[in-house]
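Coordinates in review
Below, each chain spelled out in residue letters.
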Amino acid sequence: MTAAPGGQEPQALIFMPHGRDAIIGEMLLREAGIACAVHDSLPGLEAALGDRACFVVLTEEALRGADLRGIVAWIAAQPAWSDLPFIVLTRGGGGGPERNPDAAQLSELLGNVTFLERPFHPTTFVSVARSALKGRHRQYEARTRIEELHESEDRLRTALLAGRLGTWEYDVETRALTTSSTCRAIFGLPPNAPFGYAELVQAIHPQDLERVQASVRHCVSNGIDYAVEYRTLWPDGSIHWAEIRARLVRDRTSGNRRLVGVSLDITDRKRAEDWLRQMNETLEERVAVRTAELRQAHDAMLAEATQRRQAEEQLRQSQKMEAVGQLTGGLAHDFNNLLAGISGSLELLRQRLEQGRTAELDRFVGAAQTAATRAAALTHRLLAFSRRQTLDPKPTALDNLTSGLEELITRTVGPSISVWLTGEPELWTTLIDPNQLENALLNLCINARDAMPDGGRLLIETTNIRIDADAAREGDVPAGDYVALCVSDTGIGMTPEIMERAFDPFFTTKPIGQGTGLGLSMIYGFVRQSGGHVRMQSEPGRGTSVRLYLPRHTAGAPAAEAPAAFPPAPRAEPGETVLVVDDEATVRMLVVEVLQDLGYEAIEAPDGHAGLEILRSSARVDLLVSDVGLPGGMNGRQLADAGRALRPRLKVLFITGYAENAVIGDGGLPHAMAVLTKPFSLEALALRIRGMIAA
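Basis of the calculations
- Every chain is numbered independently, its residues counted from 1 as its sequence is written.
- pLDDT decides what is reported in this predicted model: residues at 70 or higher carry local features, side-chain atom pairs at 80 or more are listed and counted, and totals for whole chains, interfaces and linings draw on all residues regardless.
- Calculation of side-chain values draws on the structure's entire complement of heavy atoms; hydrogens and water are dropped beforehand.
- When DSSP locates at least two bridges between a pair of strands, those strands are taken to pair.
- By definition, any uninterrupted DSSP run of H or I lasting at least four residues is a helix, any uninterrupted run of E lasting at least two residues is a strand, and each is numbered from the N terminus.
- With axes taken as lines fitted to C-alpha atoms, and helix axes fitted only over the stretch in contact, angles between N-to-C directions fall between 0 and 180 degrees.
- The contact criterion used throughout is that any non-hydrogen atoms of two residues lie within 4.5 Å.
- Type-normalised accessible area, obtained with a 1.4 Å probe on protein chains alone, sets the label of each residue: buried when under 20%, exposed when over 50%, and partly exposed for intermediate values.
- The criterion is simple. A nonpolar core is a set of buried Ala, Val, Leu, Ile, Met, Phe, Trp, Tyr and Cys residues joined through side-chain atoms within 4.5 Å.

A few words on the sheet that holds strand 4 (residues 86-90). Read from one edge to the other, the open sheet built from five strands follows the order 2-1-3-4-5, with strand pairing classed as parallel. Every interior strand has two partners, whereas the edge strands, strand 2 (36-38) and strand 5 (113-117), have only one. When strand polarity is set aside, the average angle formed by the axes of neighbouring strands in this sheet is 20°. By the bridge criterion, four bridges tie strand 3 (residues 53-59) to strand 4 in an arrangement that is parallel. From the neighbouring strand, Val57 faces strand 4, where its bridge partner is Ile87. In this fold helix 5 (residues 101-110) packs onto strand 4 and strand 5, with an angle of close to 150° to the strand it touches most, strand 5.

Structure, rendered in structure tokens:
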């Protein structure tokens with residue numbers, strides 16, 4: 001069912017104010033499924049008239065003598081699609097307009113009227129009502145089609161305006177031309193200017209007129225579409241371009257042939273095409289000029305890049321020389337002190353032995369060993385900064401580590417500084433070298449002590465921290481879970497300038513002779529090598545806080561074990577032989593002496609090639625002990641690999657000052673290979689040799 005305007009359901013209007021006519025009529029319409037509304041006054045009926053009304057049912061006597069001017073005015077004002085049906089019930093004997101003058105007058109006033117004489121059968125009434133409703137529905141459908149047609153015309157008009165298309169029609173027989181305002185504007189005319197066929201001919205450029213007329217004749221003769229581009233002469237004398245397209249149709253009324261089409265101003269496009277054509281004609285010349293310019297610019301950039309590289313190289317060289325100067329100065333100072341202690345102790349030992357005075361030998365031996373230990377610690381600091389020291393990571397519980405060092409830290413910082421330890425109850429485990437971490441923590445505590453000459457408070461905290469993606473990008477560390485070790489003091493703090501250089505090697509604010517400037521750089525290198533990150537905060541007068549972020553390790557930490565003294569080294573089995581390869585004669589001599597004291601057969605070789613010759617021989621070799629860095633083009637790892645090719649079950653112990661990645665590799669050592677880091681105690685060397693041979 002077609003809806004009334006506004007989407008409402010159509011309804012019939014009933015105006016039968018006398019008797020029971022209205023009740024009966026409403027009942028019959030509702031039983032027939034027709035919505036209706038009863039009105040008891042003529043003004044009420046007039047007010048209800050509208051597009052929703054599908055028809056009106058009224059009685060002849062209700063209209064007799066009534067003022068129908070309002071209803072007649074509404075009927076006259078109906079839109080073109082609307083012709084509201086009226087059903088007028090007449091009395092018996094009255095009949096229709098042909099026999100009833102009153103009915104004839106009503107028919108003239110109301111227009112679309114159907115007369116139904118009473119009494120009538122209900123079926124007849126319902127049939128008339130349905131016919132009226134069907135007619136009204138057809139009117140609704142006509143209204144919809146008219147509205148769609150108007151909308152389509154509006155869309156077409158909008159599209160033409162948006163595309164700046166003018167419309168026109170040309171009657172071939174009468175030469176009558178009609179154009180839109182946009183079409184006239186394309187020919188430089190105002191909207192209301194006259195523009196017939198004669199004006200069109202005058203507006204076409206004389207050199208194009210014959211071609212245009214020939215195109216029209218060809219279109220009309222062959223019934224094909226018309227398309228042409230030509231120049232136009234505007235009233236101001238300027239020349240423009242127009243594109244015309246049309247289709248030949250035949251008028252339904254007159255039968256005349258007409259061209260119906262559109263016009264478009266293509267002046268800008270033609271100018272662009274002319275410019276492009278001119279550019280193409282001069283393209284080769286412009287390419288040559290531009291190529292020469294680019295070549296000159298390229299040569300200038302190369303020269304500038306060369307100068308920049310030379311300047312950068314000079315800057316790097318100067319920075320390198322400055323770093324070497326700092327390195328040699330700092331190391332020379334520290335190592336001269338340490339070497340003085342070692343050489344002085346050895347010289348006193350010789351003098352006492354020559355004098356036969358052996359009572360004080362232990363004191364000089366202890367002094368030499370202490371100086372050697374301090375020298376080893378200094379080299380470990382250097383290796384930590386370069387991230388090349390050999391680490392021995394283990395699952396470690398930081399709370400146990402910090403509490404184990406509490407007494408040592410308290411004694412180190414002195415009685416004027418209070419030491420506080422706090423930790424998270426469920427602290428995660430981290431995979432770290434505990435010895436190196438202890439050294440790092442002691443270094444931080446010593447720095448904190450030096451920053452609080454008048455005493456203060458030292459706080460050591462351990463917490464669990466989860467670093468998200470944003471914080472990870474800012475800190476140059478992978479996102480994830482970390483265990484944080486934080487050392488904070490209430491000391492003098494640092495300025496931003498000093499804090500920027502705090503991790504630089506050999507940078508120190510301490511007086512000459514009281515620091516090498518390697519402490520913080522060692523900590524930074526060790527933590528980064530362990531996969532972590534270091535962050536520092538400080539303000540002058542408000543103290544310093546250094547936080548170490550160490551990656552979480554899912555495995556639990558092993559139970560702490562008390563350090564045990566080295567047991568006596570077991571002696572060798574008869575015939576067991578060790579091949580010692582080291583280019584340092586002193587180290588080679590010491591290792592051989594230890595082996596011989598324990599009953600081993602020792603074979604010496606000064607480099608890798610000599611060691612390989614021994615391995616190629618038939619000599620018995622139970623263990624290869626080799627330095628990593630060897631001269632002659634074959635390092636210790638290459639010697640071990642070549643030896644394994646000759647003797648697949650060969651056991652190898654590397655002794656090295658640091659673990660070189662090219663030798664050890666990221667994947668670890670193969671089976672039956674181990675590393676012992678220099679400097680080492682002779683007891684540790686003996687136990688490691690015995691353990692590897694017996695394995």
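Still to come is the rest of the account.
This next bit is on the environment of Gly629. Relative to the helices and strands, Gly629 is located in the loop between strand 20 (623-627) and helix 20 (636-646). Taking relative accessible area as the criterion, Gly629 reaches 36% and is therefore assigned partly exposed.

Another aspect to go through is the pairing of strand 10 (residues 257-265). The pairing of strand 6 (residues 165-171) with strand 10 spans seven bridges and is antiparallel. Residue pairing for strand 10: Asp171 is matched across the bridge by Arg258. Bridging between strand 9 (residues 239-250) and strand 10 involves nine bridges; their strand directions are antiparallel. Considered in strand 10, the bridge of Ala242 is made with Asp265. Between strand 9 and strand 10, which follow one another and run antiparallel, lie six residues, and Gly255 among them has a positive phi close to 80°.

Ranked by size, the top nonpolar core spans 36 residues in total, and within it Ile409, Leu437, Leu441, Leu458, Ile523 and Leu548 carry the most contacts. Of all the elements in the fold, those that place two or more residues in this core are helix 13 (398-413), strand 12 (417-423), helix 14 (434-450), strand 14 (456-467), strand 15 (480-489), helix 17 (519-529), strand 16 (533-538) and strand 17 (544-553). For Leu441, the contacting residues outside a window of four places in its chain are Leu401, Thr402, Leu405, Ile409, Ile460, Leu485 and Val487. Within the second largest apolar cluster, 23 residues are counted, among which are Trp168, Phe187, Leu200 and Ala203.

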